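So the chains spell out like this:
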Amino acid sequence: MASFEIKETYNDSRPQYNILVGSNHPQKAFGEFLNEFFCEENKLLFFEDDKSGKNHKFLTQSWDRENDERVERIKPEIIEILQKNNQDWITLKDVISLIILEIGKLGYLSRPKYREILLDFHKKNIIEAKELGARGNLTLDNYVRAVQ
């Protein structure tokens, strides 16, 4: 079971409504599909209309700043999750789903953003890869685990 608050503006303290979802396949439903859906919904909060209501402008700097702050806040939590749950080899895409489900904040970051964090962790030897892709890069299908 997961819930998501729908707000009219980013700074609203109360949501307009909540979406509640349940699934027999949480890894796919929540870790992939709904996380990306909710992330896109969050992104819509960073559009601004001018006074005439005719021009719809995306607030790129605000969006980037918010994402950068979220990444920094969540990194320690991700490291803790990896140390606790990722002792066996699992694919990078499954690690991303595991993190999303463990944190429980659907839409907090997009899957590509989590991938960026994990690629950085690989460079810093926080996670290791069993093997790398054809070009020597870490791919979503490569098996990884936390460095012990």
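Before any of the text, the structure's been laid out above.
Residues numbered from 1 in each chain as written. Predicted model: local features only at pLDDT ≥ 70, side-chain atom pairs only at ≥ 80, totals over all residues. Heavy atoms only, no water.

1. Some remarks on the nonpolar core
Here is step 1 of the chain: Counting residues in hydrophobic clusters, the biggest one holds 25 residues, and the most contacted among them are I74, I78, L82, I99, Y114, L118 and I127.
Here is step 2 of the chain: Counting residues per element, the ones that place at least two in this core are helix 1 (26-44), helix 2 (60-85), helix 3 (92-103), helix 4 (111-123) and strand 7 (143-146).
Here is step 3 of the chain: Sorting elements by how many residues they give to this core places helix 3 first, with seven residues.
Here is step 4 of the chain: Contact partners of I74, with chain neighbours within four places excluded, come to I103, Y108, L109, Y114 and I117. (Core = buried A, V, L, I, M, F, W, Y, C linked by side-chain atoms within 4.5 Å. Buried < 20%, exposed > 50% of the residue type's maximum accessible area, 1.4 Å probe, protein only. Helix = DSSP H or I, 4+ residues; strand = E, 2+ residues; numbered from the N terminus. Contact = heavy atoms within 4.5 Å.)

2. Focus: the sheet that holds strand 6 (residues 127-129)
Here is step 1 of the chain: Reading across from one edge, 5-7-6 is the order of the three strands in this open sheet, with antiparallel pairing throughout. The open sheet has two edge strands, strand 5 (90-91) and strand 6, and neither has a second partner.
Here is step 2 of the chain: The pairing of strand 6 with strand 7 spans three bridges and is antiparallel. Its bridge partner being in strand 7, A129 is matched across the sheet by V144. (Pairing = 2+ DSSP bridges.)

3. Comments concerning the packing of aromatic side chains
Here is step 1 of the chain: Within this structure, the stated rule accounts for four aromatic pairs.
Here is step 2 of the chain: With 4.9 Å between their ring centres and 50° between their planes, F47 and F58 make a pair best called tilted. Linking F47 in strand 3 (residues 47-49) with F58 in strand 4 (residues 56-58), this pair joins segments that are eleven residues apart in sequence.
Here is step 3 of the chain: The residue whose ring lies beneath K130 is Y143, and the NZ or CZ to ring-centre distance is 5.8 Å. (Phe/Tyr/Trp six-rings, centres within 6.5 Å; stacked < 30°, edge-to-face > 60°. Lys NZ or Arg CZ within 6 Å of the ring centre and 35° of its normal.)

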